[in-house]
Amino acid sequence: MVNISKYKWPLITLVIIIAVLMTMIAIGFTIGILSENPDGLERVLIDNNGESWLENLPSPWIPFLSWIQNEYLAGIIGIVISAVLILSVFYIIKYKRKTIQKEPKNLI
Amino acid sequence: MHIPDGLLDPITIVVLWIITIITMIVGYFKIKKIFEEEESEKIIPYIGVLAAVIFAFQFVNYPVPGGTSGHLVGGTLVAVILGPWASVIVLFLILVVQSLFGDGGITALGANTFNMGIIGGILGFYIVKGLISILNRTSWDKRTKITFATAIGSYIAIVFASFICGIEISIAGAVPFFIAVSAMVFWHLFIGIGEGIISALIVFYIYKSKPEFITTESMLGVK
């Protein structure tokens, strides 16, 4: 079992930071401090090729993912894949750390 | 600076994926020592927190004059806090999650990690280190030296990353070489100001409240 209490403060910090940033983003866009304009790369591409060109770039994933028609389903799949990836990385780190600790430090 | 799918040509994609994978493997062995130490129990969750903070900050688009916008990339910032090799791995993980939500391409992950993690992180770190060695001749305190060097280092790294990104998109034929490079550098000369200020403020705050989280102090050679 994972001892959650050990990670209490990092988790609380994480939730607070995300909440503050999300609020900041929401308020920032509403009052106009933040911008919905294209970023540097998008600006260069739009200036040279037009907005519709950028929006219609050929995606290499269409043959594999064209069966997903619903935006909500796409979002859920994205969240699930993200969670699996992040948990896998943390599992590898934890597993690797245990393996290192079990290895004898000096064989001679 | 997130390159989308379908923009780069296949050779550029493959070459930059190979460079990124090799760098991450080297990076893994370089930061392995962190996981061997008892302190990793405390450090690993904070790596996750830092990755989440950078992920969220990349959605904060501040306006830039001329009808464009910029956001924090965070490569140099992570490198100053966790070290240059860790920054590549952290930025890669952030970009993986972002690509699943349509911000940057999955096939372009290698290129995006190269631009933001390797150039932004590793190159940015060594620019910061170089600046600190110059600032060591002044009577400034450690916090001011690191903060100032992070601001300048982040700025230079982001502008250089935009220069490389310009080359990548021109190789793909999306934009002619001279226009791509000059326009990318031009816009990032403004965007980089935000990058420098935000990175410096975060480093300043961490150094003031929890200086032990700046794990690279000895590597940076700050006196």
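For every chain, the first residue of its written sequence is number 1, and the numbers climb from 1 along that sequence. All chains are assigned letters beginning at A, and all ligands numbers beginning at 1, according to the order in which they are written. Reporting of local features is limited, given that this is a predicted model, to residues whose pLDDT is at least 70; pairs of side-chain atoms are given and counted only at 80 or more, and all residues count toward the totals for whole chains, interfaces and linings.

(A) Molecular detail of the overall build of chain A. Helix and strand content of chain A: five helices and zero strands. Helical segments are the DSSP runs of H or I of at least four residues, strand segments are the runs of E of at least two, and each set is numbered from the N terminus. When its helices and strands are written in sequence order, chain A yields α-α-α-α-α. Our exposure labels follow a C-beta count within 10 Å of each residue's own C-beta, placed from the backbone: buried means 20 or more other C-beta atoms, exposed means 12 or fewer, and partly exposed covers the counts in between. Taken across its 108 residues, chain A has 6% of its residues classed as buried.

(B) Spotlight on the overall build of chain B. Check the secondary structure of chain B and you find eight helices and two strands. Secondary structure elements in chain B, listed N-terminal to C-terminal, are α-α-β-β-α-α-α-α-α-α. Our radius of gyration looks at C-alpha atoms and nothing else; its globule reference is 2.2 Å times the residue count to the power 0.38. For 223 residues, the compact-globule estimate of 2.2 N^0.38 gives 17 Å, and the C-alpha radius of gyration of chain B, at 17 Å, lies within 12% of that figure. Among the 223 residues that make up chain B, the fraction classed as buried is 54%. By definition, residue pairs are in contact when their C-beta atoms, positioned from the backbone, come within 7 Å. Partitioning the contacts of chain B with sequence separation of at least 6, the portion at a separation of at least 24 is 76%.

(C) Quick peek at the nonpolar core. Counting residues in hydrophobic clusters, the biggest one holds 80 residues, and the most contacted among them are B:Leu50, B:Val78 and B:Val90. Within the residue set of this core, elements represented by two or more residues are α2 (40-49) of chain A together with α1 (10-36), α2 (40-57), α3 (75-82), α4 (84-100), α5 (109-135), α6 (142-171) and α7 (177-209) of chain B. Linking buried Ala, Val, Leu, Ile, Met, Phe, Trp, Tyr and Cys residues through C-beta atoms within 7 Å yields a set, and such a set is a nonpolar core.

(D) Just the packing of α3(B) against α5(B), in detail. All names here are of chain B. Interaxial angle, 0 to 180 degrees, is taken between N-to-C directions of lines fitted to C-alpha atoms, where a helix line uses only the stretch in contact. Between α3 and α5, whose axes approach to 7 Å, the crossing angle comes to 55 degrees. Taken together, the axis directions place α3 and α5 in an arrangement best described as oblique. As α3 runs across α5, the sense of the crossing is right-handed. Within the contact between the two elements, α3 uses Gly75, Thr76, Val78, Ala79 and Val80 and α5 uses Met116, Gly117, Gly120, Gly121, Ile122, Gly124, Phe125 and Val128. Ten residues, namely Ala, Val, Leu, Ile, Met, Phe, Trp, Tyr, Cys and Pro, are considered nonpolar, four, namely Asp, Glu, Lys and Arg, are considered charged, and the remaining ones, Gly among them, are considered polar. Among the residues making up the contact of α3 with α5, the classes are represented as seven nonpolar, six polar and no charged. Here roughly perpendicular refers to angles of 65 to 115 degrees, roughly parallel to angles under 35, roughly antiparallel to angles over 145, and oblique to all remaining angles. In a left-handed crossing the near helix is turned counterclockwise from the far helix by less than a right angle, and in a right-handed crossing that turn is clockwise.

(E) The interface of chain B and chain A, seen in detail. In this assembly, 45 residues from chain B lie in contact with 38 residues from chain A. When contributions to the side of chain B that touches chain A are tallied by element, the ones reaching two or more residues are α1, α2, β1 (62-64), β2 (68-70), α4, α6 and α7 of chain B. With 10 residues, α2(B) is the single largest residue contributor to the side of chain B that touches chain A. Residues of the side of chain B that touches chain A, tallied by class, amount to 31 nonpolar, 12 polar and two charged.

(F) How the structure looks around α5(B). Along α5(B), the helix axis deviates most sharply at B:Ile118, where the bend reaches about 30 degrees. The buried count for α5(B) comes to 21 of 27 residues, which makes it a mostly enclosed element. Two axes enter the bend calculation: one fitted to the seven residues ending at the residue in question, the other to the seven starting there, and the bend is the angle between them.

(G) Highlighting the packing of α4(B) against α5(B). Residue and element names in this part refer to chain B. Interaxial distance between α4 and α5 falls to 9 Å at its minimum, and their mutual angle equals 150 degrees. In this view, α4 runs roughly antiparallel relative to α5, as classed from their interaxial angle. Crossing geometry of α4 relative to α5 is assigned as right-handed. For the pair formed by α4 and α5, the contact residues are Pro84, Ser87, Val88, Leu91, Phe92, Leu95, Val96 and Ser99 on the first element and Leu109, Asn112, Thr113, Met116, Gly117, Ile118, Gly121, Ile122 and Phe125 on the second.

(H) Looking closely at the confidence of the model for chain A. You can read pLDDT as the predictor saying how much it trusts each residue, on a scale of 0 to 100. On average, chain A scores 75 in pLDDT, and the residues at 70 or more come to 78%. Looking across chain A, the model is least confident in helix α1 (residues 8-31) of chain A, with a mean pLDDT of 74, and most confident in α2(A), with 88.

(I) View of the environment of A:Ile17. As for its placement among the helices and strands, A:Ile17 is situated in helix α1. The exposure class assigned to A:Ile17 is partly exposed, which follows from the 16 C-beta atoms found within 10 Å. In this structure the C-alpha to C-alpha distance between A:Ile17 and A:Asn37, which are 20 residues apart in sequence, comes to 25 Å. Once you skip the residues sitting within four places of it in the chain, A:Ile17 turns out to touch B:Ala52, B:Val53 and B:Ala56.

(J) Expanded view of α4(B). Residue and element names in this part refer to chain B. Take the residue count of a helix, subtract one, and multiply by 1.5 Å to get its expected span. In a regular helix each residue adds 1.5 Å, so 17 residues correspond to 24 Å; α4 covers 25 Å between its end C-alpha atoms and thus fits that length. The buried fraction of α4 is high, at 13 of 17 residues. Downstream of α4 by one or two residues, glycine 102 has phi in the positive range, about 85 degrees.

(K) Spatial organisation of the confidence of the model for chain B. A residue-level look at chain B finds 95% of positions with pLDDT of 70 or above and a mean pLDDT of 88. Within chain B, α2(B) has the poorest average pLDDT of any element, 76, and α5(B) the best, 94.

(L) Highlighting the environment of A:Leu41. Along the chain, A:Leu41 turns up in helix α2. Along the chain, A:Leu41 and A:Ile25 lie 16 residues apart, while their C-alpha atoms are 21 Å from each other. For A:Leu41, the residues in contact, after removing those within four places along its chain, are B:Met1, B:Ile3, B:Cys165 and B:Met184.

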